[in-house]
Amino acid sequence: MPGWLQAGGWGLLAGSALLVGAGIGYLTRIPQKVIASIMAFGAGVLLSAVSFELMAEAYEGGGLGPTSLGAIAGAVVYTGANVLLARRGARHRKRSGDQQPSEDEQGGSGTALAFGALLDGVPESIVIGTSLLAGGAVSVATVAAVFISNVPEGLSSAAGMRRAGRSRTYVLGLWGGIALISGLAALAGYTVLGGVAPGILAAITALAAGAILTMIADTMIPEAFEKTHLAMGLITLLGFLTAFALSQVD
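In this text the structure is predicted, and so the values were computed from the model without any measurement.

With that out of the way, let us pick up the pattern of salt bridges. Going through the model one piece at a time under the given rule, you end up with two salt bridges. One salt bridge connects R93 with D120, and the closest N-O pair in it is separated by 2.8 Å. One end of the pair, R93, is in the loop between α3 (64-90) and α4 (109-135); the other, D120, is in helix α4, and 27 residues separate them in sequence. For the pair R93 and D120, one class covers both residues: buried. Among the salt bridges present, the one from E223 reaches R95, with a minimum N-O distance of 2.9 Å. Highlighted residues: E223 in helix α7 (residues 198-228) and R95 in the loop between α3 and α4, separated in sequence by 128 residues.

A few words now on the UniProt feature "transmembrane region" (unreviewed entry) in the protein. The residues that UniProt annotates with the feature "transmembrane region" (unreviewed entry) are residues 6-27, 34-52, 64-85, 170-190, 196-217 and 229-249. With 100% helix and 0% strand, the stretch residues 64-85 has end C-alpha atoms that lie 31 Å from each other.

Another point: helix α2 (residues 32-62). The first and last C-alpha atoms of α2 sit 42 Å apart over 31 residues, in line with the 45 Å expected at 1.5 Å per residue. By the largest-angle criterion, V50 marks the main kink of α2, which is about 35°. One or two positions beyond α2, positive phi appears at G63, with a value near 90°.

Here we come to the packing of aromatic side chains. For the structure shown, the criterion picks out two aromatic pairs. With a centroid separation of 5.6 Å and an interplanar angle of 65°, the aromatic rings of F52 and F240 are classed as edge-to-face. Of the two residues, F52 is situated in helix α2 and F240 in helix α8 (residues 232-249); the sequence distance between them amounts to 188 residues. Centre to centre, the rings of F52 and F244 are 4.8 Å apart; their planes meet at 55°, and the pair counts as tilted. Of this pair, F52 sits in helix α2 while F244 is found in helix α8, placing the two residues 192 residues apart along the sequence. Judged by relative accessible area, F244 falls into the partly exposed class, the value being 30%. One aromatic cluster is present, formed by F52, F240 and F244 through successive ring pairs. In this structure, R166 is placed above the aromatic ring of Y170, and the distance from its NZ or CZ to the ring centre is 5.7 Å.

Analysis parameters
Residues numbered from 1 in each chain as written. Predicted model: local features only at pLDDT ≥ 70, side-chain atom pairs only at ≥ 80, totals over all residues. Heavy atoms only, no water. Salt bridge = Lys/Arg side-chain N within 4 Å of Asp/Glu carboxyl O. Helix = DSSP H or I, 4+ residues; strand = E, 2+ residues; numbered from the N terminus. Buried < 20%, exposed > 50% of the residue type's maximum accessible area, 1.4 Å probe, protein only. UniProt positions renumbered as here; feature names shortened; annotations may be inferred. Expected span 1.5 Å × (residues − 1). Bend = angle between axes of the 7 residues up to and from the residue. Phe/Tyr/Trp six-rings, centres within 6.5 Å; stacked < 30°, edge-to-face > 60°. Lys NZ or Arg CZ within 6 Å of the ring centre and 35° of its normal.

So, in structure tokens, the structure goes:
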């Protein structure tokens, strides 16, 4: 199977977890404490993937300089985009409670939520595509980590969208579209970045890692902390260890 097709397929698979989570979050009534606990687990999974997969890979490929600069650039770009989206109603896009504004409360917030979901998902998908460039086989740990973390992201966000009065068509259509874009982003990561120098690829991997780490701190941890409180650390550690174990098998 061509590499670009594998990249797109793996990205679509990981992204499909967003739609699965959104369906569960919108169609069922899960207690917020349970949602927050699942989010804490997902945050731990992504923290492990950033540490042992992305940052480690970037360092091996380009050294400390490109890795550090890439991570900082990713954090800055994500933060800047997140600030703009927050002003338009997407600040609490991963919150399961009543923090998300309805369209009546803040016009254009639905569009901002869509762009926010895109902002959160694209960096993860790109690194799935680039992981195929190293040895011709996808990083199972990276795909598994993104898949596992995407379920609570979609679940929590969809629960909040339901509370804000957004329709089932909007919510499931949004996350279905993001799942498709995830596949395209992974495909682009493989095809567009296939010929770049190792140092540049390392910087791009680190850039994605910096964006993901910032996303965890800005959008996932607040939801996890509000309801789980002191249990958040333990649940996050369990997620971290799960992804770490997968990275050792990969």
